[in-house]
Amino acid sequence: MKTIAYLGMDIHKDTFNLCALDGTTGEILGETRCASDVKLVKKFIEKIASNHKGEIQVKAGYEAGCLGYSLHDLLEKQGIDCDILAPTTMYSSSKNKVVKNDRLDAKMIALNLANNTYKPVYVPDEEDICVKEYIRMMKDFKTSLKKIKQQVKAFLLRHGLVYDGKSSWTLAHLKWLKGLKLTGLLKETLEEYLLQYDVLTDKDEDVFLREIEAGKILLKNATKWKLIHKEIEDTKLLIKKYTNDLNKLKG
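Residues numbered from 1 in each chain as written. Predicted model: local features only at pLDDT ≥ 70, side-chain atom pairs only at ≥ 80, totals over all residues. Heavy atoms only, no water.

Q: So what's going on with the packing of helix 8 (residues 205-220) against helix 9 (residues 229-250)? Residues and values would help.
A: Contact pair helix 8 / helix 9: the axes reach a minimum separation of 9 Å and the direction vectors enclose 155 degrees. Classified by the angle their axes make, helix 8 and helix 9 are roughly antiparallel. The handedness of the crossing between helix 8 and helix 9 comes out as left-handed. Taken together, the residues of helix 9 that come into contact with helix 8 (itself represented by E205, F208, L209, E211, I212, G215, K216, L218 and L219) are I232, T235, K236, I239, Y242, T243, D245, L246, L249 and K250. When the residues that make up the contact of helix 8 with helix 9 are grouped by side-chain class, the tally is 10 nonpolar, 3 polar and 6 charged. (Axes fitted to C-alpha atoms, helices over the stretch in contact; angles between N-to-C directions. Helix = DSSP H or I, 4+ residues; strand = E, 2+ residues; numbered from the N terminus. Parallel < 35°, antiparallel > 145°, perpendicular 65-115°, else oblique. Left-handed = near helix turned anticlockwise from the far one by under 90°. Contact = heavy atoms within 4.5 Å. Nonpolar A, V, L, I, M, F, W, Y, C, P; charged D, E, K, R; others polar.)

Set out below in structure tokens:
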């Protein structure tokens with residue numbers, strides 16, 4: 001008869017505490033503390049299996065935390081079924097709340113797995129991860145561009161340089177900036193700022209199309225990825241901006 005062993009893992013950057021429970025009897029099949037290495041987890045599981053008379057099927061789990069999805073993916077690659085437990089949905093005994101230690105935490109996670117008293121965290125697939133990283137990169141670029149603009153404005157203010165036009169960062173404004181009669185290090189400083197600005201804004205048609213497509217994928221998966229209202233609205237604004245930029249580029 002196949003036994004399901006529930007493996008609770010209390011994880012930290014450098015160490016894992018492991019506790020395996022027999023899903024039928026509730027008996028503790030094994031406990032250990034080891035370095036944060038998936039190979040050691042697999043070795044622990046193999047040791048438990050070798051000491052058990054029948055066949056064992058393992059269900060592992062850990063609380064969402066510092067290791068994100070990476071440990072889940074590594075365990076799955078080793079053939080170990082794994083859930084990431086949402087901490088706010090887990091049952092926790094009064095004793096565990098008063099006496100906190102890694103060993104008890106691992107046992108409590110195993111009990112939650114065995115009793116199904118938790119909700120698993122959604123684990124993104126490869127496409128999800130790629131798109132989210134791309135969106136994160138776009139936001140980083142946006143932040144960097146905003147900072148460069150602030151630095152240029154602060155530079156102009158410090159040196160009493162005032163633009164008489166209506167809007168900043170237009171072609172006319174950039175032409176004015178590049179035509180300022182500065183010398184020495186002041187000239188070099190402004191040129192370095194403007195060079196960074198050009199790097200962040202110099203995009204071709206393919207880049208705009210990728211950014212628009214990434215934004216559309218983000219909106220399509222807004223519910224699955226549990227995006228907040230601000231993230232959704234910001235993405236809509238970015239799509240609108242990139243569409244306008246693309247149309248301007250096409251003329």
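Q: Explain the sheet that holds strand 1 (residues 3-11) to me, using residue names and the numbers behind them.
A: Pairing is mixed across the open sheet formed by 5 strands, whose spatial order is 3-2-1-4-5. Of all strands in the sheet, those bounded by a partner on one side alone are strand 3 (28-35) and strand 5 (81-85). Each neighbouring strand pair of the sheet contributes to a mean axis angle of 20 degrees, computed without reference to strand direction. Both strand 1 and strand 2 (residues 15-22) contribute to a ladder of 7 bridges, which runs antiparallel. Across the sheet, the residue bridging to Y6 is L21, located in strand 2. Relative to the sheet, helix 1 (residues 38-51) contacts strand 1, strand 2, strand 3 and strand 4 (56-63), its axis offset from that of strand 3 by approximately 155 degrees. (Pairing = 2+ DSSP bridges.)

Q: Outline the side chain of H72, supporting the account with residue identities and numerical values.
A: In this fold, H72 is placed in helix 2 (residues 70-77). Those residues within four positions of H72 in sequence are excluded, and the remaining contacts are Y62, C82, I84 and V123.

Q: How would you summarise the packing of aromatic side chains if you had to cite specific residues and measurements?
A: Each pair of aromatic rings is reported with the distance of its centres and the angle of its planes. Taken as a whole and judged by the stated rule, the model has 4 aromatic pairs. Ring centres of W169 and Y197 lie 5.0 Å apart, and the angle between their planes is 25 degrees; on these two criteria the pair is classed as stacked. Here Y197 lies in helix 7 (residues 184-201) and W169 lies in the loop between helix 5 (126-158) and helix 6 (171-178), a separation of 28 residues in the sequence. For the pair shown, W169 and Y197 are each scored as buried. (Phe/Tyr/Trp six-rings, centres within 6.5 Å; stacked < 30°, edge-to-face > 60°. Buried < 20%, exposed > 50% of the residue type's maximum accessible area, 1.4 Å probe, protein only.)

Q: I'd like a description of helix 1, backed by residues and values.
A: With 14 residues, helix 1 ought to run about 20 Å at 1.5 Å a step, and its terminal C-alpha atoms sit 20 Å apart, in line with that. Here helix 1 has its buried residues at V38, V41, F44, I45 and I48. Along the axis of helix 1, the buried residues cluster in a sector spanning 115 degrees; they form a single face. In helix 1, those exposed residues whose orientation departs by more than 90 degrees from the buried face are K39, K43, K47, S50 and N51. (Expected span 1.5 Å × (residues − 1). Arc of directions from axis to C-beta.)

Q: I'd love a proper account of unusual backbone geometry, names of residues and values included.
A: Positive phi, normally seen in glycine, also occurs at N116, with a value near 55 degrees. Tracing the sequence through the fold places N116 in the loop between helix 4 (102-115) and helix 5. Classification of N116 as exposed rests on a relative accessible area of 56%.

Q: Tell me about the environment of L195, and name the residues and values.
A: Note on placement: L195 falls in helix 7. Classification of L195 by relative accessible area gives partly exposed; the value is 44%. For L195 and E76, which are 119 residues apart along the polypeptide, the C-alpha to C-alpha distance reads 46 Å.

Q: Hey, could you go over the environment of N221 for me, with residue numbers and the actual values?
A: With respect to the helices and strands, N221 occurs in the loop between helix 8 and helix 9. In this structure, the C-alpha to C-alpha distance between N221 and D128, residues 93 residues apart in sequence, is 8.7 Å. Side-chain polar atoms of N221 contact the backbone oxygen of I217, separated by 2.8 Å. (Polar contact = N/O pair within 3.5 Å; in protein donor to acceptor, adjacent residues only side chain to side chain.)

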